[in-house]
Amino acid sequence: MHSTEWSDEAFCRIIEDFPVLNREVNGKRLVYLDNAASTLKSSTVISKMTDFYLNHYSNIHRAVHTLASEATSEYEAARDKVARFINAQSEEVIFTSGTTMGINALVNSLVRSDILQKGDTVLISQVEHHANLVPWLRLSKFFGFKVEYIEADVTGTITPDSILAAKSRVNSPKVVSITGQSNVTGQTMPIDVIRETFKDAILIIDGAQLIPHKKIDVKALDIDFLVFSGHKMIAPTGIGALYGKRALLEKLEPFLYGGEMIDKVTFEDVTFNVLPYKFEAGTQDIGGAVALGYTIDYLENFGLGNIQKHVEELSKYLLEELSKIDFVEIYGPRDETHQSLVSFNVDGVHPHDVSQVLDEDFGIATRSGHHCAQPLMSVLARGSHIDFPNSTVRASVYFYNRKEDIDILVEGLKYIKRWFG
Ligand SMILES: *Cc1c(COP(=O)(O)O)cnc(C)c1O
């Protein structure tokens, strides 16, 4: 449909829908390149959510009045949309507060269900976000399972060789939990290769970075569990989803106990509600879930294929343009697996200073720091040719970004090197 740029008509729709793109920051047009931390919000989604809250809102389930039944059908319709979006069944989709909550729930449920036991191995990778590292590490101390890593090379890249090396070292891990895309190196992972290599493992995918711009089919990829967050795909904060294969969810002990998730309760014991309610204790973020449904409508309406293609082309341009700058050190793979974001450093200037000048003098929002992946920083330090500051600058794009945003970033980096390098 387009090459790197939207048609004027499509872009007008985008600008109208993301009013903040018309904002000035420090006297400059806002250039928002912090999408990997959280995306902008759409007025279409927000106004539909507002209408829901103002005109159809009530607590859901177990009530017979009209508002409750309207709210319940919107909530369940949102679940159906999430299910369709990833090719799952509705009862396999559980609303969570986001990726972090989803992984914590899973780790806890797996140990409580005796599926993950003392002596078992959980295989993760060296590029995981803390959300897919700290819960495993901490609970391994209480429950006696082991945590092993698929190692990254010094650019922070997971290679086919490192996957095979992990296979020969660990042999048969009980769980393989891996990010679909690194939020630091931008690498999209070969989920099919990992599935093929660890046939008998429970495969968990952290979809936080991948789901917003790439269509994922949990059935085709034979994923056992998938977690993601709404706020990285234009939905509000505080809502996300956990997908699990029905047979596994049936076997899992819930992580949260309380109302809604029960069937019968006596003073002595409880039986659980059916899927997916067994995993949705307490009052959920009803408005958030409904808004996640509207978000999916929006993205599908826009065309997921169009979004994916746009992000791919823009990612390529971002990587190419930054690669041309000799004082910029880039991390992660140098091929088409590198998507939607680039982490880099300007030789001689601290990433926080880079981000600050980009904001103050160019109106560009980027993120600097360790990006919730502290252990990975020590890997990147080993491959670095500069005085590595243990953090990076990260520029990340989404469908409302354009080539021009990247040109302004490049201009900003050259200015920074000239005056501060
Ligand atoms: C953002 C992110 C998370 C954490 O998501 P939350 O919404 O903060 O829970 C986990 N993994 C990756 C890869 C991320 O990018």
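Everything below is about the structure printed above this text.
The structure displayed is predicted, hence computed values, not measured ones. (Residues numbered from 1 in each chain as written. Predicted model: local features only at pLDDT ≥ 70, side-chain atom pairs only at ≥ 80, totals over all residues. Heavy atoms only, no water.)

A short note on the packing of aromatic side chains
Note the threshold: In summary, the pairing rule links any two rings of Phe, Tyr or Trp, Trp by its six-membered ring, whose centres are within 6.5 Å, and it sorts them by plane angle into stacked for under 30 degrees, edge-to-face for over 60 and tilted for everything else. Numbering of helices and strands runs from the N terminus; a helix is a DSSP stretch of H or I covering at least four residues, while a strand is a stretch of E covering at least two. Between buried and exposed lies partly exposed: a residue is buried under 20% and exposed over 50% of the maximum accessible area for its type, with that area taken using a 1.4 Å probe on protein chains only.
Under the counting rule described, the total for this entry stands at 19 aromatic pairs. Consider the rings of Phe18 and Phe399, whose centres lie 5.8 Å apart with planes at 75 degrees: the pair is edge-to-face. Remark: Phe399 occurs in the loop between β17 (392–396) and α13 (403–420) and Phe18 occurs in the loop between α1 (8–17) and β1 (24–25); sequence separation between them is 381 residues. Take Phe18 and Phe399: they sit in the same class, and that class is buried. Where Phe52 meets Tyr53, the ring centres are 6.1 Å apart and the plane angle is 55 degrees; that geometry is what we call tilted. By way of ring pairs, the aromatic residues Trp6, Phe18, Tyr298, Phe302, Tyr398, Phe399 and Tyr400 are connected into one cluster.

Quick notes on the side chain of Glu321
Applicable threshold: By the criterion applied in these results, polar contacts are pairs of N or O atoms within 3.5 Å in which, for protein atoms, one can donate a hydrogen and the other can accept it, and in which residues neighboring in sequence qualify only through two side-chain atoms. What makes two residues a contact is simply this: any of their non-hydrogen atoms within 4.5 Å.
Within the element layout of this structure, Glu321 appears in helix α10 (residues 304–323). Residue Glu321 is classed as buried on the basis of its relative accessible area of 14%. A polar atom in the side chain of Glu321 sits 2.7 Å from the side chain of Lys324. When neighbours within four sequence positions are excluded, Glu321 is seen to be in contact with Ile406 and Val410.

Re the sheet that holds strand β13 (residues 328–330)
Stated formally: One requirement defines pairing of two strands: DSSP has to find at least two bridges between them. Between N-to-C directions, angles span 0 to 180 degrees; the directions come from axes that are lines fitted to C-alpha atoms, helices contributing only their stretch in contact.
In spatial order, the strands read β13-β14-β17-β16; together these 4 strands make up an open sheet with antiparallel pairing. In this open sheet, the two edge strands, each paired with only one partner strand, are β13 and β16 (367–369). For this sheet the average axis-to-axis angle between neighbouring strands, irrespective of direction, equals 35 degrees. Where strand β14 (residues 341–346) lies against β17, 4 bridges are found, and the strand directions are antiparallel. The residue bridging Phe344 from the neighbouring strand is Val393, located in β17. Set on the sheet, helix α11 (residues 351–362) makes contact with β14, β16 and β17; between it and β16 the angle comes to about 165 degrees.

Digging into the site of the ligand
Defined as follows: For this description, a residue counts as near a given molecule or strand if any of its non-hydrogen atoms is within 4 Å of it. Values of accessible area rely on a 1.4 Å probe in the Shrake-Rupley scheme; residue burial ignores everything except the protein chains shown. We call Asp, Glu, Lys and Arg charged. Ala, Val, Leu, Ile, Met, Phe, Trp, Tyr, Cys and Pro are nonpolar, and the rest, Gly among them, are polar.
As a matter of local geometry, the ligand sits amid 13 residues, with Thr100, Asp206, Gln209, Ser229 and Lys232 nearest to it. Between Thr100 and the ligand, the recorded distance is 2.5 Å, taken from a side-chain N or O atom to an oxygen atom. The side chain of Gln209 places a nitrogen or oxygen atom 2.7 Å from an oxygen atom of the ligand. Here the ligand loses 86% of its free accessible area of 380 Å² to cover by the protein chains. Here the shell around the ligand is built from residues that sort into 2 nonpolar, 9 polar and 2 charged.

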